[in-house]
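Coordinate inspection notes
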Amino acid sequence: MDLKIGPDEATDAERQAVDDLIGAHGGATIANGERLVLGGVRRAAERRHLLLPGLHALQRSRGFISAGGLNHLCESLGVPPADAYGVASFYDLFSVEEAPDTVVRVCDDIACRINGHDAIEAALGDAGLADTSRLDSPCLGLCDFGGAAVVQRVGTDLRGVRVVAGPAEPVIESHLPSGPRLLRRIVGSDVASLDAYLDAGGYRALRSAVELGADAVIDAVSAAGLRGRGGAAFPTGVKWRAVADQTGPTKHVIANADESEPGTFKDRVLMENDPFALVEALTVAGLATGSTNGWIYVRGEYPVAVDRLRAAIAEARAADLLGTDVLGAGIVFDIDLRVGAGAYICGEETALFNSIEGFRGEPRQKPPFPTTHGLFGQPTAINNVETLVNVLDIVTDGVEVYRELGTADSPGTRLFCLSGAVARPGLYEHPMGVTLRQVLGAAGGLVDRREMRATLLGGAAGVFVDATSLDVPLTFEDTRAAGITLGSGVVMAFDETHDLRDTAARIAEFFRHESCGQCVPCRVGTQRQHELLAHTFGSGSFDAELFDDLAAVMKDASICGLGHTAASAIGSAVRLGLLT
Amino acid sequence: MSMVEPGVAAVDLTVDGIAVQVNAGETILDACSRAGIDTPTLCYGETVTPVNACRVCVVEVEGSGPLVPSCSRGAEAGMVVSTRTGRVDRSRRMVLELLASSVDLEWADDALRGWIERYGADTRRFPHGETATVAQDPKIHDNLYVRDYSRCILCYKCVEACGEDAQNTFAIAVSGRGFAAQISTEFDTRLDESACVYCGNCIAVCPTGALTGLIEFDLRTAGDWRPEEQTSTQTVCSYCGVGCNLELHVQDQRIVKVTSPMDHDVTLGNLCVKGRFGWQYLGNEIGRKR
Ligand SMILES: Cc1cc2nc3c(=O)[nH]c(=O)nc-3n(C[C@H](O)[C@H](O)[C@H](O)COP(=O)(O)O)c2cc1C
Ligand code: SF4
Ligand code: SF4
Ligand code: SF4
Ligand code: FES
Ligand code: FES
C-alpha cells in the first residue's frame, strides 16, 4: 500500500511527542521472538499497535488531534490517515477538533446524578478550575465518592478529581468469618512498594505455581470452581486449559481493567491499592497457559491506577519478577500496559483486542473465540482483574481453603461495589451466597434509614430488583434461577426520593452513547430506545410493544454483549413498575 | 442434494427441516441457498469480506442463545438451522424498520424493497419529528461522483472495497461512534484532496445509492433514471492490456454508467478510473466542483 498523506504538517511538539513514543518502543519485541503481530508480517511492519499510544501522545501534546499531528503519526506507523482518523474519532478522550487547553469531564451518570453537580463544582472551583470547559461524562468508576471528574490539560497526563458528594467517605471492608481475602493486603495497610508487597506474602503464589507446574495450576483453578468476575461467569480453568492446549509460539494473557460498567469500581480499588497483586496474578496466568506476553488494558480515566501499575511493572522487572528469567526459573514473561481512551465497549474482550491492535474498538463476531483467535489472531486468555486476583489465594492456600467460603457451585468471595443511597458506600468483600439484605445491612442500610425502593444489580447491563429479592442468595446459580444477575458486582440502592425515570433515561443515554455503531440492532436500536424513553416521560405514553420489539431485536440480533443487554435494566424497571 | 465439490469434505446439516449438504468452509447462508431458501442480506457481498454488521440475515441455530448471522457463520455438521421462526421474523423486520426509520432508502435496490414487503416492515413505525435520522447534504466535490450519506446504511462494503478487498487505497473508513458513525475520509476532507484514485469500486458495491456517479445522481434527482429502459453493452476496456470487461449502461443513447460484472475473473467487479469514468472525460483531469 502506498500511503497518501495530506499537506498538513505537525508542530515540533507534536512531532517530538510521536517520535519519543515510537523511540521508546524500539522494535516492540521481547527476547523470545516477535510479538505484536496482526495478520502476519505486513502488519508487524506497520507497528500499528502503537496507534493508540500515539494518539494519546498527540492529544496530550496539543489538547486535540490535529491533521498535521495525525499525518506525522500515520507516516511513522504506515497507517492510512482515513483509518487513523476513524480510530481517533472513536474515543471520547480524543478530540479531532480544536479544543480548549483544559477540559473537565464531570460524571453525570446514575450514581453521581443523585447528588447533583454542586459538590464537585465547588471542588473544581477550589482547584482553580471554575472557568474551564465542561463536558458530561459517563461513570468514572468513583461512584463510592458520589462526585467525580477528570481533568485533561495540555502537556500533562489526565488527572482525576474525587469529591465525597455521597452520604459518607468510601469504605473498603471485608465481611468474612476468616479475615479479608481479596482485600487482605488493602484493608489497613499500604502495599504500593514491592518490599511491602513481599512482606505481606507477595510472590508466594508465583513461587508455588513454579513448583506446581502449569498443569497443576490450571487443575487447581478448575477445582476451585473459579468463574469470571467480569460479568459472563465463564469458568476460568476451562479458558486457561484451552489456551494452554494451543501450540502456537505466541500466546497472550490479558488483564481486562477497562472497568466502565456504571456503578463498578472494584478493580480500581484493587489496582490502586494492591498493584503488585495483579502483576503477580497475570504472571501466574502466563505460566499456566504458556503465554509469554502479558497485557493490562486499563481505562484511560484511571490515572492513579495507571501510575501505580506502571511503577509496579517497572519494579517487578528490575527485580527479575518479569523479563526473560522470571524468579531465576527460566520463565519468559513480560507485561505491556495499555491505556484506553474513553469507550465502554473496549471492555468487551474482542473490542479490547482491536483497540490494542490499533483498530476501532469494534467487537468481533464469535466464534472464533479468543482462546484460539485472540489478540493479533493468536491464542489469548483474557480475564477480569478480580478474577485474576482470586488465583493468588487458590494457588497459595489450596483449593480446600478457598472453598471454605461460598457455595459448592459458587465458591469463594465476591467484591460488591456499593453506591447510591446506602449509608456507607464503598467496596465490600462478602462470601458468595450472601443476600442482598445482608449486603445492604453491612453498608449501614440506606441513608436516613429510608426504605429501599429498588437496587440496581450488575450495573447498566444488569437488572433492577425490589424488596422481594432481598433474600436471594447472591450466587451464580441462585441469581440465574431468579432471573437476575450479579454482573460486575454493582449494588446501587435507590429510595422513594429518587426519580427512577431519570435513572432509566440516563441508562438509555449511556448505551446510545457507548454503542460502537457497527451493527444495526444496537446502533439504531439504542438510539430509538433513548428516544422512546425521553419522549414517553414527556407525554406520559409508553409504547410497550415497541419497547419489547426493540429489546428483542437488540438481545437477539446484536453482535455483542452491549447490544444484548442494552434493554436489560430498563426492561426490569418497566416490569417492576418503577417508571410510572 | 449433490452439489458438493468432489475432493472437498462435505458437511451435513438441516435448514427448516430440509437435509442439506455443503462443502466444508461454506456458510449457513450457502446452506440456505442450497435448500432453496432466499435469505435477505445487506452487508454481505460475494466480493468483500463479511463484516456481519447489518444482521438482516440472522437465523436461529439450535443451542445458540442469540440469533446467528448466516452470512458469516460456517456451516457445521449436525447444525439445526431455522429461518422461519417468530424470533427470526421479528429481528429481520425490526432491522428493516430501524434502517428505514433512519436512512433514506428510496434509491435502494429492488431486493431491499422486496424484503421490506416480505417481512411486513412498517417503515413509518417510529414517529417523525422525534426520530433522529442520518439526513445530510450530499457531498459533491468533483464531476465524477457523489457521496450521499443520508442514504448510507453503514454496510462497510465501500470501506472493504477501497481497502484490502480490492483497491488497497484506504481513502475512506468508518469514523465516529454509535449512531454518529459515518463513512469518512480523514477529517472529512474533500475526496479530491484525499487518497482516493476514483476507481469507483466503492460505487459498484454500494447497495443503497449512497454512492453514485454524478450523471446517475443528477438523473435520479431529476426523476429521469429509468433502469427498465436502459440497455447494457459488453466491451473490453481499451485503455490498457489487462482486459477488463466493461458493461456500458445506456439510456437515451447516452452512457450513464459503467460497471464490470462481479463474476468476471479479471475484475471481480472492480475497475480503475479510466474504465469507470474515462468515457466521460476522455483525457481530462478530474474536475473540481463546488
Ligand atoms: C460491553 C461490554 C463491556 C465489558 N467490559 C468489561 C470490563 O470493563 N471488564 C471486564 O473484566 N470485563 C468486561 N466485559 C466482559 C469481557 O468481555 C470478558 O467476558 C471478561 O473480561 C472475561 O473475563 P472473566 O472471565 O475473568 O470475567 C465486558 C463485556 C461487554 C459485552
Ligand atoms: S452490539 Fe452494539 S456495541 Fe456490540 S458490535 Fe453491535 S453496535 Fe457495536
Ligand atoms: S473511488 Fe476507489 S479509491 Fe476512491 S473511495 Fe472509492 S474505492 Fe476508494
Ligand atoms: S456508502 Fe454505500 S457501500 Fe458504503 S457503507 Fe454506506 S451503504 Fe454501504
Ligand atoms: S463515578 Fe459517577 S456514576 Fe460512577
Ligand atoms: S448480510 Fe449477514 S450480517 Fe449483513
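The rules we used
Residues numbered from 1 in each chain as written. Chains lettered and ligands numbered in written order. Predicted model: local features only at pLDDT ≥ 70, side-chain atom pairs only at ≥ 80, totals over all residues. Heavy atoms only, no water. Helix = DSSP H or I, 4+ residues; strand = E, 2+ residues; numbered from the N terminus. Rg over C-alpha atoms; globule rule 2.2 N^0.38 Å. Buried < 20%, exposed > 50% of the residue type's maximum accessible area, 1.4 Å probe, protein only. Contact = heavy atoms within 4.5 Å. Areas by Shrake-Rupley, 256 points an atom, 1.4 Å probe, with all protein chains shown as cover. pLDDT = per-residue confidence, 0-100. Core = buried A, V, L, I, M, F, W, Y, C linked by side-chain atoms within 4.5 Å. Polar contact = N/O pair within 3.5 Å; in protein donor to acceptor, adjacent residues only side chain to side chain. Buried area = accessible area lost by both parts, 1.4 Å probe. Salt bridge = Lys/Arg side-chain N within 4 Å of Asp/Glu carboxyl O. Nonpolar A, V, L, I, M, F, W, Y, C, P; charged D, E, K, R; others polar. 1 Å grid on protein atoms, 1.4 Å probe; cavity = no way out; pocket = protein on both sides within 12 Å on 5 of 7 lines; lining within 4 Å. Points joined across faces, edges and corners; volume = space filled by probe spheres on them. Axes fitted to C-alpha atoms, helices over the stretch in contact; angles between N-to-C directions. Parallel < 35°, antiparallel > 145°, perpendicular 65-115°, else oblique. Left-handed = near helix turned anticlockwise from the far one by under 90°. Pairing = 2+ DSSP bridges. Phe/Tyr/Trp six-rings, centres within 6.5 Å; stacked < 30°, edge-to-face > 60°. Lys NZ or Arg CZ within 6 Å of the ring centre and 35° of its normal.

Some remarks on the overall build of chain B
When you go through chain B residue by residue, the secondary structure sums to seven helices and 13 strands. Relative to the 2.2 N^0.38 estimate, which gives 19 Å for 290 residues, the radius of gyration of chain B is 20 Å and therefore close to what a compact globule would have. Buried positions account for 56% of the 290 residues belonging to chain B. Looking at chain B alone, contacts between residues at least 24 apart form 56% of all its contacts between residues at least 6 apart. Total accessible area computed for chain B in this model is approximately 12,600 Å², and 49% of it derives from carbon and sulfur atoms.

Some thoughts on the confidence of the model for chain A
This prediction gives chain A a mean pLDDT of 93; 95% of its residues lie at or above 70. For residues 27-45 of chain A, every residue scores under 50 in pLDDT, and the model assigns this stretch 34 contacts once sequence neighbours within four places are set aside.

Observations concerning the nonpolar core
Residue and element names in this part refer to chain A. Core analysis: the biggest nonpolar cluster contains 202 residues, and Tyr91, Trp240, Ile296, Val298 and Phe464 have the highest contact counts within it. Broken down by element, the residue count for this core peaks at ten residues, all from helix α13 (residues 275-289). Each residue touching Trp240, except ones within four places of it in the same chain, is listed here: Val217, Ile218, Val221, Ala285, Ala288, Thr289, Ala381, Asn383, Leu388 and Val391.

Notes on the side chain of Arg299(A)
All names here are of chain A. Residue placement: Arg299 occurs in the loop between β7 (293-298) and α14 (303-318). On the basis of relative accessible area, Arg299 is assigned to the buried category, the value being 3%. Looking at Arg299, its side chain comes within polar contact range of the main-chain oxygen of Cys139, at 3.0 Å. For Arg299, the side chain forms a polar contact with the main-chain oxygen of Glu259, separated by 3.2 Å. Excluding its chain neighbours within four sequence positions, the residues that come into contact with Arg299 are Cys139, Leu140, Gly141, Ala257, Asp258, Glu259, Ser260, Val306, Val339 and Gly340.

Side note on the interface of chain A and chain B
A common way to state how big an interface is: give the accessible area lost once the parts meet. Taken together, the 54 residues of chain A in the interface contact 49 residues of chain B. A per-residue breakdown of the area chain A buries against chain B is headed by Arg523(A), Arg528(A) and Asp556(A), which together make up 15% of the total. Asp549(A) is the salt-bridge partner of Arg93(B), the closest N and O atoms lying 3.5 Å from each other. Our enumeration of links across chain A and chain B arrives at 23 residue pairs in polar contact (both at pLDDT 80 or more). At the level of secondary structure, the elements contributing two or more residues to the side of chain A that touches chain B comprise α2 (41-46), α4 (67-77), α5 (81-88), α20 (500-514), α21 (520-539) and α22 (544-557) of chain A. Grouping the constituent residues of the side of chain A that touches chain B by class yields 24 nonpolar, 14 polar and 16 charged.

Regarding empty space enclosed by the protein
On inspection of all chains with the given rule, the structure shows seven cavities of 30 Å³ or more. One number sums up the size of the largest cavity: a volume of about 120 Å³.

Focus: the confidence of the model for chain B
Atom-level detail of predicted coordinates should not be read off regions where pLDDT is low. Residue and element names in this part refer to chain B. When the pLDDT values of chain B are averaged, the result is 90; 95% of them are 70 or greater. Low pLDDT (under 50) marks residues 282-288, which in the prediction has 13 contacts with non-local residues, meaning those over four places away or in another chain. Predicted complex metrics record ipTM = 0.94 and pTM = 0.96.

Description of the packing of helix α9 (residues 204-212) of chain A against helix α16 (residues 385-397) of chain A
All names here are of chain A. Contact geometry for α9 and α16: axes closest at 8 Å, N-to-C directions at 60°. Relative to α16, the element α9 lies oblique. The chirality of how α9 crosses α16 is left-handed. Mapping the contact onto sequence places Arg204, Ala205, Ser208, Ala209 and Leu212 in α9 and Leu392, Val395, Thr396 and Asp397 in α16. Of the residues assigned to the contact of α9 with α16, the class counts are five nonpolar, two polar and two charged.

A word on the sheet that holds strand β10 (residues 211-213) of chain B
Residues and elements named next belong to chain B. A sheet is described by the order of its strands in space; here three strands give the open sequence β6-β7-β10, paired in antiparallel fashion. The open sheet has two edge strands with one neighbour each: β6 (139-140) and β10. Direction of pairing for β6 relative to strand β7 (residues 145-147): antiparallel, over a ladder of two bridges. Residue pairing across strands places Lys139 opposite Arg147, the latter belonging to β7. Across the face of the sheet, helix α6 (residues 214-221) comes into contact with β6, β7 and β10 while running at roughly 100° to β10.

With respect to the packing of aromatic side chains
Within a pair of aromatic rings, the relevant descriptors are the distance that separates the centres and the angle that separates the planes. Using the criterion set out here, one finds 13 aromatic pairs over all chains in the structure. For the ring pair Tyr145(B) and Tyr198(B), a centre distance of 6.1 Å and an interplane angle of 80° mean the geometry is edge-to-face. Separated by 53 residues along the polypeptide, Tyr145(B) in strand β7 and Tyr198(B) in the loop between β9 (182-184) and α5 (201-205) bring together distant segments of the chain. The pair formed by Tyr145(B) and Tyr198(B) is uniform in burial state, with each residue classed as buried. An aromatic cluster is defined as three or more aromatic residues linked by ring pairs; in this entry it consists of Phe90(A), Tyr91(A) and Phe94(A). We note Arg48(A) situated over the ring of Phe359(A); from NZ or CZ to the ring centre the distance is 3.8 Å. Residue placement shows Arg299(A) over the ring face of Tyr302(A); its charged tip is 5.4 Å from the ring centre.

Topic: the pairing of strand β4 (residues 159-162) of chain A
Residue and element names in this part refer to chain A. Sheet analysis places strand β3 (residues 148-153) next to β4, joined by four bridges and oriented antiparallel. When the bridges of β4 are listed, Val150 appears paired with Gly160. The loop that links β3 with its antiparallel partner β4 comprises five residues; one of these, Gly155, has a positive phi angle of about 85°.

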